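Each chain, letter by letter, is given below.
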Amino acid sequence: MEIEQERFTVGELADLAGVSSRTIRYYHKKGLLSPVAYSESQYRQYDKSSLLRLQQILMLKYIGFSLEEITEIFRLRKESSVTELLVEQHRMLLEKREQLNRVIAVVEKTRDYCSRDELSLSQLSELVKMLTYNEAANKSFEYYEKYGVKQQDWYPWLFRQLGLQKGEKVLDIGGGYGLVWRRSFAHIPQGVQIVVLDKSREQIALFQGFVDENRALLKDGSAISFENKDLNRVSYGQEAYDCILSLHMWFYIENRTAFLEKVFRALKPGGRMCANVNWREYALGLDSLLKGFSRSLDIRQEDERHQERIRETEKDFRAYFPHTDCRQYDNELHIGDSGDLYRFLLDRGAVGKQIAGYGREFVSYLDEFLKKEGEIVIPGHSRMMIGKKE
């Protein structure tokens, strides 16, 4: 097939770009890639300009722009707007480099402890947890950056949900690396005082360095301070904060009721508690795929266990904040690579262990499935719970 031919079908354009036909149709639905014409049979047709447009979409998505940002780039078509977004992307890449530096620091510290024969059990436990948490976070980040169909960036969305006002005092529990603040640093309102509480000295040190380097971007009177403490071992004060934030922390909370009691006491009257839960619905996308290979592969049970934990968390949260406002961030994975899909499935608890036992036979099944279907769509979303102290 020659690129110079006058018209392409959806399938031909997909083959030229190395994507699925479903991807082409999805970009059309989102207004990013419209046909140049329709055939007499009303099939969509594309040309060389369509291929160039698709190349731009894929390039921008690959380096990290959301579909919302890509739409805005195409709408404005101004060099300045593209430059601003590239500056933001550069900053995000620097953050990823800092994350690698954090892992390197952990490895070096472990090496030094071992060389002096000073590595205690508690120190080893903390170092291992830092590495395993980072590995899990990186895996999730990799899947959603590569295959996620997101309409807006996660951390700026979270920041907007906080609804911060001028002069408010905020406690960020477990926010050591500070991504929600980094991504919206210049948008923190005037006079806002943020206290970041985290047990990891390494994460606090990295965020402190970022704050020191970018302090000039903060509005007048705004400040960020740090407390190197364990969230399970300290009090948060009495009516001290207008807003308390806790992201991705339920796994680390030893006693939810005691934690929420401390949070409630620390909020001023009318203050708000903001915390998120991740609601997985993998079975909606994966059940028929897995059952097509073996009826014994039942991912619904894992989904149900996870969702039950989420329901218990939300119930405890509402016991302290009865009029909780839940706001939802939707995303879904469109995975068309059998190797990545296989690795994603291996991380799915008990089902992943079963799949590992089938080995190459299951990978071959995925190859055939994706040749036929093009890709698989896996839905999921995160909820931000915002409770007001009344």
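Residues numbered from 1 in each chain as written. Predicted model: local features only at pLDDT ≥ 70, side-chain atom pairs only at ≥ 80, totals over all residues. Heavy atoms only, no water.

**Focus: the nonpolar core**
Phase 1 of the analysis: Formed by 32 residues in total, the largest nonpolar core has its most connected members in W181, I188, I224 and M384.
Phase 2 of the analysis: Looking at this core, the elements that each hand over two or more residues are α7 (154–162), α8 (179–182), β4 (193–198), α9 (201–214), β5 (223–228), β6 (241–246) and β9 (376–388).
Phase 3 of the analysis: When neighbours within four sequence positions are excluded, M384 is seen to be in contact with W157, L158, Q161, L162, L245, L247, C274, A275, N276, D325, C326 and R327.
Phase 4 of the analysis: Formed by 25 residues, the second largest nonpolar core is a distinct cluster that contains L197, M249, W250 and V263. (Core = buried A, V, L, I, M, F, W, Y, C linked by side-chain atoms within 4.5 Å. Buried < 20%, exposed > 50% of the residue type's maximum accessible area, 1.4 Å probe, protein only. Helix = DSSP H or I, 4+ residues; strand = E, 2+ residues; numbered from the N terminus. Contact = heavy atoms within 4.5 Å.)

**Brief notes about the side chain of K291**
Phase 1 of the analysis: One can find K291 in helix α11 (residues 282–293).
Phase 2 of the analysis: Every residue in contact with K291, bar those within four places of it in the chain, is listed here: L297, D298 and R300.

**Description of the environment of L171**
Phase 1 of the analysis: Tracing the backbone shows L171 in strand β3 (residues 169–173).
Phase 2 of the analysis: Residues L171 and F226, spaced 55 residues apart in sequence, show a C-alpha to C-alpha distance of 9.8 Å.
Phase 3 of the analysis: Setting aside residues no more than four positions away along its own chain, L171 makes contact with V195, L197, Y236, Y241, C243, I244 and L245.

**Some thoughts on the packing of aromatic side chains**
Phase 1 of the analysis: Evaluated as defined, the whole model comprises 18 aromatic pairs.
Phase 2 of the analysis: Note on F362 and Y365: the rings are 5.9 Å apart at their centroids and 40° apart in plane angle, and the pair reads as tilted. Here F362 and its partner Y365 are both found in helix α15 (residues 360–373), 3 residues apart, which amounts to about one turn of the helix. As far as the burial class goes, F362 and Y365 line up, both buried.
Phase 3 of the analysis: Ring pairs connect the aromatic residues F293, Y342, Y358, F362, Y365 and F369, which therefore count as one cluster. (Phe/Tyr/Trp six-rings, centres within 6.5 Å; stacked < 30°, edge-to-face > 60°.)

**Remarks on the pairing of β3**
Phase 1 of the analysis: Counting buried positions along β3 yields 4 of 5 residues, so the element is predominantly enclosed.
Phase 2 of the analysis: Of the pairings in the sheet, the one linking β3 to β4 comprises 5 bridges and is parallel in character. Directly across from V170, in β4, lies its bridge partner I194. (Pairing = 2+ DSSP bridges.)

**Describing the confidence of the model for the chain**
Phase 1 of the analysis: Per-chain confidence: the chain averages 82 in pLDDT, with 80% of residues scoring 70 or above.
Phase 2 of the analysis: Counting contacts from residues 131–138, a segment whose pLDDT is below 50, to residues more than four positions away or on other chains yields 7 contacts. (pLDDT = per-residue confidence, 0-100.)

**What about the side chain of Q161?**
Phase 1 of the analysis: Examined against the element boundaries, Q161 turns out to sit in helix α7.
Phase 2 of the analysis: Judged by relative accessible area, Q161 falls into the buried class, the value being 13%.
Phase 3 of the analysis: Within the local environment of Q161, its side chain forms a polar contact with the backbone oxygen of W157, the two atoms lying 2.9 Å apart.
Phase 4 of the analysis: Ignoring any residue separated from it by four or fewer positions in sequence, one finds Q161 in contact with R327, M384 and I386. (Polar contact = N/O pair within 3.5 Å; in protein donor to acceptor, adjacent residues only side chain to side chain.)

**Quick word on helix α2 (residues 21–29)**
Phase 1 of the analysis: Turning to α2, its buried residues number three or more, namely T23, I24, Y26 and Y27. End-on, the buried residues of α2 take up no more than an arc of 165°, which puts them together on one face.
Phase 2 of the analysis: A positive phi of about 80° marks G31, the residue just after α2. (Arc of directions from axis to C-beta.)

**Comments concerning unusual backbone geometry**
Phase 1 of the analysis: Positive phi, close to 45°, is recorded for E239, a residue that is not glycine.
Phase 2 of the analysis: Along the polypeptide, E239 turns up in the loop between β5 and β6.
Phase 3 of the analysis: When its relative accessible area of 41% is taken as the criterion, E239 is described as partly exposed.
Phase 4 of the analysis: In the Ramachandran plot, H248 falls in the positive-phi region, its phi being about 55° despite a non-glycine side chain.
Phase 5 of the analysis: Tracing the backbone through its elements, the reader meets H248 in the loop between β6 and α10 (256–266).

**Focus on the packing of helix α13 (residues 338–346) against helix α14 (residues 349–358)**
Phase 1 of the analysis: Put simply, α13 and α14 touch, their axes get as near as 7 Å, and they point 130° apart. When the axis of α13 is compared with that of α14, the two are oblique. Contacts between α13 and α14 involve Y342, L345 and L346 from the first element and G352, I355 and A356 from the second.
Phase 2 of the analysis: Class assignment of the residues belonging to the contact of α13 with α14 gives a composition of 5 nonpolar, 1 polar and no charged. (Axes fitted to C-alpha atoms, helices over the stretch in contact; angles between N-to-C directions. Parallel < 35°, antiparallel > 145°, perpendicular 65-115°, else oblique. Nonpolar A, V, L, I, M, F, W, Y, C, P; charged D, E, K, R; others polar.)

**Let's talk about the pairing of β6**
Regular strands place their side chains on alternate faces of the sheet.
Phase 1 of the analysis: With respect to burial, β6 is a largely interior element, 6 of its 6 residues being buried.
Phase 2 of the analysis: Note that β3 and β6 share 3 bridges and pair parallel. Bridge pairing links L171 to I244 in β6.

**Describing the state of the cysteines**
Phase 1 of the analysis: For the structure shown, the criterion picks out 0 disulfides.
Phase 2 of the analysis: Between C274, a cysteine without a disulfide, and C243, which holds the nearest cysteine sulfur, the sulfur-to-sulfur distance is 4.0 Å.
Phase 3 of the analysis: For C274, a relative accessible area of 0% puts it in the buried group. (Disulfide = S-S within 2.5 Å.)

**Some details on the pattern of salt bridges**
Phase 1 of the analysis: The final tally for this structure, using the stated rule, is 17 salt bridges.
Phase 2 of the analysis: R215 serves as the salt-bridge partner of D212, at 2.5 Å between the closest nitrogen and oxygen.
Phase 3 of the analysis: A salt bridge links K268 to D242; its shortest N-O distance comes to 3.4 Å. Remark: D242 occurs in strand β6 and K268 occurs in strand β7 (residues 267–280); sequence separation between them is 26 residues.
Phase 4 of the analysis: Taking relative accessible area as the criterion, K268 reaches 29% and is therefore assigned partly exposed.
Phase 5 of the analysis: Among the residues examined, D242 registers a relative accessible area of 17% and is labelled buried.
Phase 6 of the analysis: Salt bridges linked by common partners bring D287, K291, D298 and R300 together as one network. (Salt bridge = Lys/Arg side-chain N within 4 Å of Asp/Glu carboxyl O.)

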